[in-house]
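Read off the chains here:
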Amino acid sequence: MSETSDRMGAAQEQARILAHALPFLRRYAGATIVVKYGGHAMGEDALAKQFGRDIALLKQVGVNPVVVHGGGPQINAMLKRLAIQSTFVHGLRVTDAAMVEVVEMVLAGTVNKEVASLINAAGALAVGISGKDGGLIRAKKLTRTERDPESHIERALDLGFVGEPERIDVRVIHALTGAGLIPVIAPVGIGGDGATYNINADTAAGAIAAALGATRLLMLTDVPGVLDAERRTIPELTVAEVAVAIADGRITGGMIPKVETCAAAVVGGVQGAVILDGRVPHAALLELFTEGGVGTLIKP
């Protein structure tokens with residue numbers, strides 16, 4: 001009798017969850033959701049498989065997910081195997097001609113196909129591409145300057161083949177989603193001169209989301225979101241509030257480029273961008289299909 005009761009209780013709980021999710025399923029039916037995937041969630045097998053199932057589920061319930069992935073740890077591992085030394089300047093990997101070949105091989109090859117395979121194994125149809133395919137990401141060389149602490153003279157930094165999106169051509173994405181497929185995109189772009197550029201995955205995801213006019217940009221990271229002084233997650237910030245929080249020092253360090261990317265995506269046409277912890281099981285589903293979500297929403 002108790003076993004029957006347990007089964008009934010479990011079934012009722014599942015029904016309650018589905019009923020609660022129904023308004024959110026309606027809200028996002030037909031919506032384009034760009035998901036930036038990276039960090040520790042990518043490196044742990046159980047979370048990776050769960051991510052694949054969650055993306056497949058989004059497609060099944062009528063959402064159009066577009067995945068943009070990183071792969072820094074995988075690049076580091078390959079460079080180590082090849083005895084190629086990495087140099088970072090302000091958090092950006094200096095990428096010479098030899099290194100950009102390795103970056104493309106890892107990002108557009110091994111990692112890209114692994115992420116697509118996770119989704120395919122969950123029953124959906126994902127296709128791995130890079131920003132070079134179909135002219136998706138036209139890139140330009142990223143320029144950065146550094147001020148000499150003694151002379152205070154600004155000097156240009158040469159980061160090699162590190163780029164930033166100059167133009168996004170979404171036709172290849174529309175072709176895939178229109179055929180019922182899920183695009184999985186490696187953040188490698190092509191320059192006007194035909195050169196290959198390594199692009200930060202957050203930056204690429206933000207630019208793609210803006211070009212698509214996505215309903216949501218989900219940035220899966222290794223932190224719960226933007227935190228306040230008491231280390232509590234801030235549920236929402238407007239673009240204007242983001243600028244103030246950076247200026248007065250409440251948002252610092254590595255969180256600055258993430259919130260700036262989200263704010264730029266929102267200004268560019270994304271309805272809302274969310275920074276959330278990809279290590280939380282089903283983080284994307286919790287954000288989309290529960291009241292209030294689980295990360296920090298950046299909105300107009």
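Residues numbered from 1 in each chain as written. Predicted model: local features only at pLDDT ≥ 70, side-chain atom pairs only at ≥ 80, totals over all residues. Heavy atoms only, no water.

Caption draft 1: Structural detail: the overall build of the protein. Assigned secondary structure in the protein consists of 10 helices and 16 strands. For 300 residues, the compact-globule formula gives about 19 Å, and the C-alpha radius of gyration of the protein, at 20 Å, lands near that figure. Considering only C-alpha atoms, the protein reaches an extent of 80 × 40 × 35 Å along its principal axes. Pairs at least 24 apart in sequence give 73% of the contacts found in the protein among residues at least 6 apart. Entry remark: accessible area of the protein is about 14700 Å², with carbon and sulfur atoms responsible for 55%. Taking the average place of the 28 positive charges on the side chains of the protein and the average place of its 31 negative ones, the gap between the two points comes to 4 Å. (Helix = DSSP H or I, 4+ residues; strand = E, 2+ residues; numbered from the N terminus. Rg over C-alpha atoms; globule rule 2.2 N^0.38 Å. Contact = heavy atoms within 4.5 Å. Areas by Shrake-Rupley, 256 points an atom, 1.4 Å probe, with all protein chains shown as cover. Lys, Arg positive; Asp, Glu negative; His and termini not counted. Charge placed at Lys NZ, Arg CZ, Asp CG, Glu CD.)

Caption draft 2: Quick peek at the pairing of strand 9 (residues 162–168). Pairing between strand 6 (residues 137–141) and strand 9: 5 bridges, direction antiparallel. The residue of strand 9 that forms the bridge with Arg 138 is Arg 167. As paired elements, strand 9 and strand 12 (residues 196–199) share 2 bridges and run parallel to each other. Bridged to Val 162 within strand 12 is Asn 198. (Pairing = 2+ DSSP bridges.)

Caption draft 3: Representation of helix 6 (residues 171–178) in the model. Among the residues of helix 6, Val 172, Ile 173, Leu 176 and Thr 177 are the ones counted as buried. Along helix 6, the residues classed as buried sweep out an arc of 125° about the axis, all on the same side. Opposite the buried face of helix 6, at more than 90 degrees from it, the exposed residues are Arg 171, Ala 175 and Gly 178. Within two residues after helix 6, Gly 180 carries a phi angle of roughly 80°, on the positive side. (Buried < 20%, exposed > 50% of the residue type's maximum accessible area, 1.4 Å probe, protein only. Arc of directions from axis to C-beta.)

Caption draft 4: View of a nonpolar patch on the surface. Taken together, Val 280, Leu 286 and Val 294 make up a surface patch of nonpolar side chains, about 180 Å² in accessible area. Note on placement: Leu 286 falls in helix 10 (residues 283–289). A relative accessible area of 30% places Leu 286 in the partly exposed class. (Patch = residues over 30% accessible without salt bridge, like charges linked within 9 Å, V, L, I, M, F, W, Y side chains within 5 Å. Salt bridge = Lys/Arg side-chain N within 4 Å of Asp/Glu carboxyl O.)

Caption draft 5: Structural context of the environment of Leu 136. Inspection of the secondary structure assignment puts Leu 136 in the loop between strand 5 (126–130) and strand 6. With a relative accessible area of 0%, Leu 136 lands in the buried category. Residues Leu 136 and Val 67, spaced 69 residues apart in sequence, show a C-alpha to C-alpha distance of 14 Å. Discounting residues that sit within four places of it in the chain, Leu 136 has contacts with Ile 129, Ser 130, Gly 131, Arg 167, Ile 168, Asp 169, Val 170, Val 172, Ile 173 and Ile 185.

Caption draft 6: Just the sheet that holds strand 10 (residues 182–186), in detail. Taken in spatial order, the 8 strands line up as 5-10-2-1-13-15-16-14 in an open sheet, and their pairing is mixed. Only two strands of the sheet have a single neighbouring strand rather than two, namely strand 5 and strand 14 (236–238). Recorded for the sheet is a direction-independent mean angle of 20° between the axes of neighbouring strands. In terms of strand pairing, strand 1 (residues 32–37) meets strand 13 (residues 216–221) through 4 bridges, oriented parallel. In the strand pairing of strand 13, Val 34 is matched with Leu 217. This element, helix 8 (residues 239–247), spans strand 14 and strand 16 (296–299) of the sheet and lies at about 90° to strand 14. (Axes fitted to C-alpha atoms, helices over the stretch in contact; angles between N-to-C directions.)

Caption draft 7: Up close: the packing of helix 3 (residues 45–60) against helix 5 (residues 97–121). Relative orientation of the contacting elements helix 3 and helix 5 amounts to 60°, with a least axis distance of 7 Å. Here helix 3 lies oblique to helix 5, going by the angle between them. Relative to helix 5, the crossing made by helix 3 is right-handed. Only Val 115, Leu 118 and Ile 119 of helix 5 make contact with helix 3, whose side of the interface consists of Ala 48, Lys 49, Phe 51, Gly 52, Ile 55 and Ala 56. Residue composition of the contact of helix 3 with helix 5, grouped by class: 7 nonpolar, 1 polar and 1 charged. (Parallel < 35°, antiparallel > 145°, perpendicular 65-115°, else oblique. Left-handed = near helix turned anticlockwise from the far one by under 90°. Nonpolar A, V, L, I, M, F, W, Y, C, P; charged D, E, K, R; others polar.)

Caption draft 8: The side chain of Glu 287, seen in detail. Mapped onto the secondary structure, Glu 287 falls in helix 10. Here Glu 287 sits buried without a salt bridge, and the closest side chain of opposite charge, Arg 216, lies 5.1 Å off (N-O distance). A polar side-chain atom of Glu 287 sits 3.2 Å from the main-chain amide nitrogen of Gly 295. When neighbours within four sequence positions are excluded, Glu 287 is seen to be in contact with Leu 218, Val 274, Leu 276, Gly 293, Val 294 and Gly 295. (Polar contact = N/O pair within 3.5 Å; in protein donor to acceptor, adjacent residues only side chain to side chain.)

None of the figures reported here should be taken as evidence of function without further support.
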